[in-house]
Amino acid sequence: MAASTKTGSGARSSNNKKASKAKSTRGKSTGSTLGANGGSLVIVESPAKARTIERILGDGYLIRASRGHVRDLPKGKLGVDLESSFDPSYTVVKDKQDVVRELKDLGSRAPSIYLATDPDREGEAISWHLVKAADWDKGSKPLHRVVFHEITQDAVKAAFEHPRTLDMELVNAQQARRILDRLVGYQISPLLWKKVQRGLSAGRVQSVALRMVVDREKEIRAFVPREYWTIEARLRKTDGPKEKRDEAFTALLHSIKGQKGKLKIENGDRAREIEADLKDAGYAVSQVKTREVKQSPAPPFITSTLQQEAFRKLRFSAKRTMMAAQQLYEGVALGSEGSVGLITYMRTDSTNVTPASVQEARTYIKARFGEEYLPDKPRAFRRKAKGAQEAHEAIRPTSITRTPDQLKAQLSRDQHRLYDLIWRRMLASQMAEARSDSTTVETEAGDTKSRKTYLFRSTGSVLTFPGFRTLYMESVDDGEEEAGKGPPPGLKSGDALSCLGVDPKQHFTQPPPRYTEASLIKSLEEKGIGRPSTYAPIISTIMDRHYVVKEESKLAPTSLGETVCDLLMGYFTDIMDTNFTARMEDELDEVARGERQWVPMLEDFYGPFQKALDVATEDMPRVRVEEATDEVCDKCEKPMVIKMGRFGRFLSCSGFPECRNARPIPSEGNGARDASSESQAPETTDEVCEKCGKPMEIRTGRFGKFIACTDYPTCKTSKPILNKVGVPCPRCGGDLVQRRGRGRGRVFYGCSRYPDCDFLVNQRPLPEPCPECEGLMVQSGRSGARCTTCAWKGDAPAPEEALARS
């Protein structure tokens with residue numbers, strides 16, 4: 001499960017890649033001026049990014065796209081010399097040979113070459129590989145590295161006016177990561193093929209993420225619920241005007257006067273005993289506390305918080321979020337303006353914002369909302385996530401004056417919704433605090449029989465100034481239960497109260513919740529596992545490998561995932577240890593900062609790993625992963641079991657190989673884990689109603705399952721469930737689904753967003769990206785595969801090759 005360094009939607013390919021804000025990192029200045037040499041060659045990663053930069057630079061520059069990495073470790077062998085300081089053997093990717101030849105030819109005729117790849121480690125590595133592949137390091141041609149964190153006129157021109165040399169410390173950090181992933185994935189994955197089944201994979205970071213999901217599932221299974229009770233009283237003021245006496249409120253039993261700590265009610269007998277004491281008690285307000293509460297806005301997004309909030313508010317997966325963000329960053333055609341980059345670089349772990357952007361936001365706030373919504377001083381957010389090392393600015397609009405409403409006609413639905421989220425979060429981060437008056441009323445209930453005085457507490461708040469909440473409120477993973485109605489205003493100490501009723505309620509403690517994509521990303525970040533470029537591919541990989549499935553938007557391990565996790569835990573304790581993985585990330589950061597040499601770091605890792613690999617090769621048992629079902633083989637009447645194949649789960653006869661009966665699982669889809677797991681209750685989906693914007697859910701009707709709006713019957717939007725193949729559309733990011741031509745026509749695979757997107761292929765799409773260009777792969781024959789983007793053909797990618805690099 002080794003993860004791709006750069007995939008939010010998938011890979012760093014021709015469909016993806018963008019740039020960011022003008023801000024040189026480290027490296028020696030090469031002192032060139034914008035436009036000083038006509039015809040200079042500028043190289044970026046993607047055509048979309050090239051179009052946006054070409055509009056900015058204009059004449060005098062030739063912009064070309066490398067379409068991602070042009071060199072990598074070879075396919076089909078380790079490609080790392082274990083006897084010679086882990087020396088990597090890089091080769092030009094097969095379908096990039098023509099690209100390299102073209103760039104080399106153009107570079108030989110250009111007066112100078114500008115490397116304008118992304119402003120992080122992988123961007124630096126792509127530039128370095130370009131230089132090596134084209135042999136530019138052997139000549140005297142001026143080479144300039146330019147970095148920017150947003151694709152705007154000012155940022156790009158500033159970067160070209162202040163170029164630098166390649167930063168080899170960043171390159172070496174990326175090389176070390178790539179080699180680490182190759183060592184782990186290329187040597188553990190074949191072991192799993194031999195011991196469990198073909199097609200499995202293991203990787204340095206994804207294996208730890210899988211462990212976290214499996215450990216949480218085991219916690220849930222082992223959890224023993226504990227009973228407890230709460231008691232609420234409905235109260236109202238006894239005296240005073242009638243309108244005040246009619247205002248009832250709820251108070252929660254907190255403690256017994258004279259006893260320390262909160263009152264614990266562990267069973268129903270004790271609850272009924274207290275209820276009896278309270279039946280004839282006298283109630284009076286003992287204390288009223290009112291204080292002003294100020295709430296500050298959340299900082300602008302970093303990669304992890306964007307992915308979390310997009311999941312909570314929009315129900316976007318991390319992959320879907322990064323795909324839309326990449327498109328917004330690279331540039332979107334805005335009529336006569338041409339292609340315009342709308343947000344800053346989306347792989348970042350810094351909340352810093354440039355002073356110019358802050359001032360632009362403050363000016364907009366004052367003009368639109370008024371002086372009172374503007375704080376006295378600009379807000380500064382300089383907190384960085386643990387191990388922060390990627391780009392150096394938060395995710396924000398390149399211009400706050402481009403409002404979501406203005407751009408709605410030019411953006412796709414996903415682009416618009418994500419841009420709206422980013423725009424609101426950035427603007428709200430510079431708005432005034434929200435203020436509210438929080439009131440806590442403590443009530444004494446004295447019982448003359450038991451001579452006990454019970455203390456009740458009721459808390460409520462009144463918003464006095466909305467501030468930033470006018471525009472944006474941050475969501476949470478698990479919604480808190482709504483409290484009862486708070487105390488009415490005007491209560492004071494000594495006021496007599498009438499009790500309208502006492503309500504004992506039984507509760508049971510709850511197990512920890514399963515991870516969602518948002519909460520898993522949050523936990524990974526808190527533990528220092530992975531980096532901004534890896535969160536989305538980590539989750540995509542463990543799901544694509546069928547180690548984890550979604551059940552009602554929660555991540556649950558499959559039997560296969562638990563089996564793989566347990567085997568790795570037994571033989572590769574370091575690889576599966578969260579602290580060890582976090583330390584490895586810290587060491588890679590040290591390499592990037594020039595504080596550590598990368599070869600000794602690899603040596604420290606590989607010695608213990610090689611010993612563990614030798615032991616596992618000898619001692620790891622063979623395991624069969626099958627799930628029992630209630631179905632019976634219609635050929636030999638033996639039980640059918642669920643197995644995992646190259647294209648996912650399927651039903652197979654338990655009498656295999658004597659009986660080879662097999663068939664697809666009819667109910668599989670939308671997170672179902674086995675053939676008998678259907679439920680009549682609605683199932684949640686990631687989809688949103690196109691008419692009212694509310695979530696869609698899966699319902700069961702007379703003729704089977706269908707998708708309907710959760711606001712039914714107010715909104716009656718519904719549609720059939722499409723047969724998704726688990727692969728995103730390479731054109732727009734929608735889901736590819738299986739369709740059939742009219743009548744009894746042949747099967748083909750098209751985009752679920754048809755007719756807005758008419759992409760289709762005739763062969764079944766494969767979840768693994770092309771090992772050379774990372775484009776869409778489709779099945780070719782019984783066991784072959786081919787790329788729809790480049791000319792690559794061959795067998796299914798080796799397990800490690802199909803993994804995104806972490």
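The structure displayed is predicted, hence computed values, not measured ones.

**Q** Help me out: how do you make sense of the overall build of the protein in this one?
**A** Counting its secondary structure elements, the protein contains 18 helices and 34 strands. Entry remark: accessible area of the protein is about 36400 Å², with carbon and sulfur atoms responsible for 47%.

**Q** Would you mind going over the nonpolar core with me for this structure?
**A** Counting 131 residues, the largest nonpolar core has F148, L418 and F572 as the members making the most contacts within it. Sequence-distant contacts of L418, that is, excluding residues within four places in its chain, are made with L306, A310, L314, T321, A324, A325 and L328. The next biggest cluster of nonpolar side chains, apart from the first, holds 22 residues, and it includes L235, A271, I274 and F456.

**Q** How should unusual backbone geometry be read in this particular structure?
**A** Phi is mostly negative for residues that are not glycine, and the peptide bonds are mostly trans. The omega torsion across F656 and P657 is 10°, close enough to zero to call that bond cis. Mapping P657 onto the fold places it in the loop between β21 (648–653) and β22 (662–664). Backbone geometry at D135 places phi at a positive 60°, although glycine is not the residue there. When you line up the elements, D135 lands in the loop between α3 (121–133) and β8 (143–145). For R315, which is not glycine, the phi torsion reads 60° and is therefore positive. Relative accessible area serves as the criterion here: at 23%, R315 is assigned to the partly exposed category.

**Q** What's the story with helix α6 (residues 206–222) in this structure? I'm lost.
**A** Turn by turn, an α-helix covers 3.6 residues, leaving residues three or four places apart pointing in a common direction. For α6, spanning 17 residues, the distance from its first C-alpha to its last is 24 Å, which sits close to the expected 24 Å at 1.5 Å a residue. Looking only at α6, the buried set comprises Q206, S207, V208, A209, L210, R211, M212, V213, V214, R216 and E217.

**Q** Even after reading the chapter, I still don't get the packing of α6 against helix α15 (residues 535–544), so can you show me in this structure?
**A** To describe two helices that pack against each other, one gives the angle between their axes and the distance between the axes. It is the contact of α6 with α15, at a shortest axis distance of 9 Å, that shows an interaxial angle of 70°. Accordingly, the angle class assigned to the pair α6 and α15 is roughly perpendicular. Note on packing geometry: the crossing formed by α6 with α15 is right-handed. Across the interface between the two elements, Q206, A209 and L210 from α6 touch P537, I538, T541 and I542 from α15. In terms of residue class, the contact of α6 with α15 is built from 5 nonpolar, 2 polar and no charged.

**Q** Hey, could you run me through the pairing of strand β28 (residues 735–740) in this one?
**A** Two faces make up the sheet, and in a regular strand the side chains alternate between them. The sheet contact formed by strand β27 (residues 723–728) and β28 spans 3 bridges and is antiparallel. Residue pairing across strands places K724 opposite V737, the latter belonging to β28. As consecutive antiparallel partners, β27 and β28 are separated by 6 residues, and within that stretch G733 has a phi angle of approximately 90°, a positive value. By the bridge criterion, 5 bridges tie β28 to strand β29 (residues 747–751) in an arrangement that is antiparallel. Bridge pairing links V737 to G750 in β29.

**Q** Mind showing me how you'd approach the side chain of K550 here?
**A** Mapped onto the secondary structure, K550 falls in strand β17 (residues 548–551). For K550, a relative accessible area of 13% puts it in the buried group. In terms of polar contacts, K550 uses its side chain to reach the side chain of E517, at 3.0 Å.

**Q** Sorry if this is basic, but what is going on with the sheet that holds strand β14 (residues 434–447) here?
**A** Sheets are built from strands paired through backbone hydrogen bonds, the pairs being either parallel or antiparallel. Pairing in this closed barrel of 6 strands is antiparallel, and the strands run β9-β10-β15-β14-β11-β16 around the ring. Between one strand and the next, the sheet's axes are offset by a mean angle of 35°, whatever the strand orientation. Inspection of the sheet shows strand β11 (residues 282–295) paired to β14 by 13 bridges, in the antiparallel sense. Across the sheet, the residue bridging to K289 is T440, located in β14. The sheet contacts of helix α8 (residues 268–279) involve β9 (227–237), β10 (249–256), β11, β14, β15 (452–465) and β16 (496–508), and relative to β9 the element is tilted by about 20°.

**Q** Would you take a moment to explain the packing of helix α14 (residues 517–527) against α15 for this structure?
**A** α15 packs onto α14 with a crossing angle of 125° between their chain directions and a minimal axis gap of 10 Å. In terms of their interaxial angle, α14 and α15 are classed as oblique. The two elements α14 and α15 cross, and the hand of that crossing is right-handed. When α14 is examined against α15, the residues E517, L520, I521, L524 and E525 are found in contact with a partner set consisting of Y535, I538, I539 and M543.

**Q** For this particular structure, what's the right way to read the pattern of salt bridges?
**A** Any two side chains of opposite charge can pair, so long as their charged atoms come close to each other. Counting across every chain of the model gives 46 salt bridges. The partner of E150 in a salt bridge is R396, with the nearest N and O atoms 2.5 Å apart. Of this pair, E150 sits in the loop between β8 and α4 (153–161) while R396 sits in the loop between α11 (355–369) and α12 (404–407), and the two are 246 residues apart along the sequence. You'll find E150 and R396 in the same group, each marked buried. Here R177 ties to E585 by a salt bridge, and the two come within 2.8 Å at their closest N and O atoms. Here E585 lies in helix α17 (residues 578–592) and R177 lies in helix α5 (residues 168–195), a separation of 408 residues in the sequence. No difference in accessibility class separates R177 from E585, as the two residues are buried. One network of salt bridges, with partners in common, ties together R121, R531, D586 and D589.

**Q** What is the right way to read the side chain of S652 from this model?
**A** Structurally, S652 is set in strand β21. Dropping the residues within four chain positions of it, S652 is found in contact with P639, M640, V641, K643, N661 and A662.

**Q** Would you mind going over α14 with me for this structure?
**A** Of all 11 residues making up α14, 8 are buried, and the element is well covered by its neighbours. When we look at burial in α14, the residues that qualify are E517, A518, S519, L520, I521, S523, L524 and E525. If you follow the buried residues of α14, they end up packed against α6, α9 (303–314), α10 (318–330), α15, β17 and β18 (554–557). Residue G528 follows α14 closely and has a positive phi angle near 75°.

**Q** Can you help me understand the sheet that holds β27 in this one?
**A** The antiparallel open sheet is built from 4 strands, whose spatial order is β27-β28-β29-β30. Here the strands that pair on one side only, and so sit at the sheet edges, are β27 and β30 (760–761).

**Q** So what exactly am I meant to see when it comes to the packing of aromatic side chains here?
**A** The geometry of an aromatic ring pair is captured by two quantities: the separation of the ring centres and the angle between the planes. Under the counting rule described, the total for this entry stands at 14 aromatic pairs. Geometrically, the ring pair formed by Y364 and W423 is edge-to-face, given 5.8 Å between the ring centres and 85° between the ring planes. Here Y364, found in helix α11, pairs with W423, found in helix α13 (residues 413–429); they are 59 residues apart in sequence, far enough to count as distant. A relative accessible area of 17% places Y364 in the buried class. Aromatic side chains F605 and F609 sit 5.3 Å apart centroid to centroid with 20° between the ring planes, which places their arrangement in the stacked category. Remark: F609 and F605 occur in helix α18 (residues 598–619); sequence separation between them is 4 residues, near one turn of the helix. Taken individually, F605 and F609 each receive the classification buried, so the pair is uniform in this respect. Cluster of aromatic residues (ring-pair linked, three or more members): F86, F572, F580, F605, Y606 and F609. Taking the ring centre of W128 as reference, the NZ or CZ of R71 above it sits at 5.4 Å. The residue whose ring lies beneath K313 is Y472, and the NZ or CZ to ring-centre distance is 5.1 Å.

Reading the values: the criteria
- Residues numbered from 1 in each chain as written.
- Predicted model: local features only at pLDDT ≥ 70, side-chain atom pairs only at ≥ 80, totals over all residues.
- Heavy atoms only, no water.
- Helix = DSSP H or I, 4+ residues; strand = E, 2+ residues; numbered from the N terminus.
- Areas by Shrake-Rupley, 256 points an atom, 1.4 Å probe, with all protein chains shown as cover.
- Core = buried A, V, L, I, M, F, W, Y, C linked by side-chain atoms within 4.5 Å.
- Buried < 20%, exposed > 50% of the residue type's maximum accessible area, 1.4 Å probe, protein only.
- Contact = heavy atoms within 4.5 Å.
- Expected span 1.5 Å × (residues − 1).
- Axes fitted to C-alpha atoms, helices over the stretch in contact; angles between N-to-C directions.
- Parallel < 35°, antiparallel > 145°, perpendicular 65-115°, else oblique.
- Left-handed = near helix turned anticlockwise from the far one by under 90°.
- Nonpolar A, V, L, I, M, F, W, Y, C, P; charged D, E, K, R; others polar.
- Pairing = 2+ DSSP bridges.
- Polar contact = N/O pair within 3.5 Å; in protein donor to acceptor, adjacent residues only side chain to side chain.
- Salt bridge = Lys/Arg side-chain N within 4 Å of Asp/Glu carboxyl O.
- Phe/Tyr/Trp six-rings, centres within 6.5 Å; stacked < 30°, edge-to-face > 60°.
- Lys NZ or Arg CZ within 6 Å of the ring centre and 35° of its normal.

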